Amino acid sequence: MFRSRLQGDVLALVCADPAREWTIEELATRTRQPYQTVASEVRRLSVAALLATRAIGRTKLVRADETNPYFEPLARLVSMSFGPPVVVAEEFADLTGVDEVVVVGSWAARYLGEPGPPPNDVDVLLVGSPDRDDAYAAANRAQDRLGRDVNVILRTADQWAHADDAFTRQLRGAALLRVLPRA
């Protein structure tokens with residue numbers, strides 16, 4: 001449906017907070033893609049009136065074009081298709097005691113290109129020792145934003161590195177989409 005995964009990722013970032021303005025450098029950093037590649041996608045999306053841009057000096061600022069009649073349905077579709085890494089990163093970013101936040105399971109598998117049915121939920125692995133109440137509160141906020149269940153899996157760093165139970169082995173061998181810390 002989208003020209004590229006990068007296009008979906010850029011739209012997910014911009015549509016997650018439509019009032020926020022991004023620089024192309026910020027979008028390139030968040031998507032881990034070259035500046036020029038991101039700039040080309042921003043140009044295409046601007047021509048399609050999905051993004052609004054303005055210049056301040058030599059800096060181009062980008063935001064969602066909420067005046068486009070397709071904005072709301074597109075934002076919902078983008079959120080469902082590309083939003084979980086963005087939303088999960090934002091909602092779990094301030095948890096103390098977390099070394100890594102990783103999207104796992106069927107959502108991560110589909111995002112990373114593995115075939116299969118559309119996922120119904122988002123599974124989030126927290127590596128570290130966060131406060132459980134804070135972790136579940138972050139999951140609830142993410143769930144509200146994404147409109148789908150967000151499940152939390154807790155593992156201490158030692159459990160993640162050394163546990164030999166079947167579930168942890170299965171997780172380690174499956175699709176893993178690290179969202180925090182950002183590499």
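Residue numbers restart at each chain and count upward from 1, following the sequence in its written direction. Selection of residues for local features in this predicted model requires a pLDDT of at least 70, selection of side-chain atom pairs for listing and counting requires 80 or more, and totals for whole chains, interfaces and linings are taken over all residues. Hydrogens and waters are ignored; side-chain quantities use all the structure's heavy atoms.

Residue placement: E91 occurs in helix 4 (residues 71–92). Any two residues whose heavy atoms approach within 4.5 Å are treated as being in contact. The contacts of E91, once residues within four sequence positions are left out, are A138, R141, A142 and R145. Think of it this way: any DSSP run of H or I at least four residues long counts as a helix, any run of E at least two long counts as a strand, and we number them from the N terminus.

Let us look at the packing of aromatic side chains. Side-chain rings of Phe, Tyr and Trp, where Trp is taken by its six-membered ring, are said to pair if the distance between their centres is within 6.5 Å; with planes under 30 degrees apart they count as stacked, over 60 as edge-to-face, and otherwise as tilted. Inspection of the entire model under this criterion finds two aromatic pairs. Centroid distance W107 to Y111: 5.1 Å. Interplanar angle 20 degrees. Geometry classified as stacked. Taken together, the residues W107 and Y111, both in helix 5 (residues 105–111) and four residues apart, mark about one turn of the helix. The burial state of W107 is the same as that of Y111; both residues are buried. Two limits define a charge over a ring: the Lys NZ or Arg CZ must be within 6 Å of the ring centre, and within 35 degrees of the ring normal. The side chain of R20 reaches across the aromatic face of W22, ending 3.5 Å from its centre. The ring of W160 carries R172 above its face, with NZ or CZ at 5.8 Å from the centroid. For the exposure calls, accessible area comes from a 1.4 Å probe over protein chains only, and a residue counts as buried if that area is under 20% of its type's maximum, exposed if over 50%, partly exposed in between.

This paragraph deals with the nonpolar core. Grouped together as the largest cluster of nonpolar side chains are 52 residues, with contacts concentrated most on V10, L27, F92 and L126. Once residues lying within four places of it in the same chain are set aside, the contact partners of V10 are L27, T31, V38, V42, L45 and L51. Put simply, buried Ala, Val, Leu, Ile, Met, Phe, Trp, Tyr and Cys residues joined by side-chain atoms within 4.5 Å make one nonpolar core. Core analysis: the next-biggest nonpolar cluster, separate from the first, contains seven residues, V104, L125, I153 and L171 among them.

The next subject is the sheet that holds strand 3 (residues 59–64). Read across the open sheet, the three strands follow the order 1-3-2; overall the sheet is antiparallel. Unpaired on one side and paired on the other, strand 1 (22–23) and strand 2 (51–56) mark the two borders of the sheet. The pairing criterion for strands is at least two bridges between them, as found by DSSP. As paired strands, strand 2 and strand 3 are joined by six bridges and run antiparallel to one another. Each residue of the ladder has a partner; that of A55, found in strand 3, is K60. The strands touched by helix 1 (residues 5–16) are strand 1, strand 2 and strand 3; relative to strand 2, the strand with the most contacts, the crossing angle is about 75 degrees. Orientation is described by lines fitted to C-alpha atoms, with helices fitted over the stretch in contact, and by angles between N-to-C directions that extend from 0 to 180 degrees. On the sheet, helix 3 (residues 35–47) packs against strand 2 and strand 3 and is oriented at approximately 115 degrees with respect to strand 2.

Another aspect to go through is the layout of surface pockets. Take a probe with the size of a water molecule and roll it over the atoms, and the empty space left behind shows itself. Of the volumes computed, that of the largest pocket is approximately 360 Å³. Counting only elements with at least two residues in the lining of the largest pocket, the list comes to helix 1, helix 2 (24–31), helix 4 and strand 7 (176–180). Residue composition of the lining of the largest pocket, by class: nine nonpolar, two polar and six charged. Cavity and pocket criteria rest on a 1 Å grid covering protein atoms alone: a 1.4 Å probe that fits but cannot get out defines a cavity, protein on both sides within 12 Å along at least 5 of 7 lines defines an open pocket, and an atom within 4 Å of a point defines a lining residue. Grid points are joined across faces, edges and corners, and a volume is the space filled by probe spheres set on the points. Roughly 190 Å³ of internal volume is contained in the second largest pocket. Lining the second largest pocket are A12, C15, A16, A75, R76, V78, S79, G83, V86, V87 and R145. Every element with two or more residues in the lining of the second largest pocket is listed here: helix 1 and helix 4. Top element by residues in the lining of the second largest pocket is helix 4. It accounts for seven residues. A breakdown of the residues in the lining of the second largest pocket according to their chemical character gives seven nonpolar, two polar and two charged. Note on residue categories: nonpolar means Ala, Val, Leu, Ile, Met, Phe, Trp, Tyr, Cys or Pro, charged means Asp, Glu, Lys or Arg, and polar means any other residue, Gly included.

Of note, V152 is situated in strand 6 (residues 149–155). For V152, a relative accessible area of 15% puts it in the buried group. Other than its neighbours up to four places away in sequence, V152 contacts F92, V124, L126, A135, Y136 and A139.

Another aspect to go through is helix 1. Working rule for helices: expected span equals 1.5 Å times residues minus one. Taking 1.5 Å per residue as the helical rise, helix 1 with its 12 residues ought to reach 16 Å, and the 16 Å between its terminal C-alpha atoms agrees with that figure. Within helix 1, the full set of buried residues consists of L6, Q7, G8, D9, V10, L11, A12, L13, V14 and C15.

This part covers the pattern of salt bridges. Salt bridges are identified by distance alone: a Lys or Arg side-chain nitrogen within 4 Å of an Asp or Glu carboxyl oxygen. According to the stated counting rule, one finds nine salt bridges in the structure shown. Residues E21 and R54 are paired through a salt bridge, measuring 2.6 Å at the closest nitrogen-oxygen approach. With E21 in the loop between helix 1 and strand 1 and R54 in strand 2, this residue pair connects regions lying 33 residues apart in the sequence. A salt bridge links E100 to R178; its shortest N-O distance comes to 2.6 Å. Of this pair, E100 sits in strand 4 (residues 98–104) while R178 is found in strand 7, placing the two residues 78 residues apart along the sequence. A residue is classified by how much of its surface remains accessible, and E100, at 17% relative accessible area, is buried. Among the ionic contacts, a cluster of salt bridges with common partners joins E90, E91, R141 and R145.

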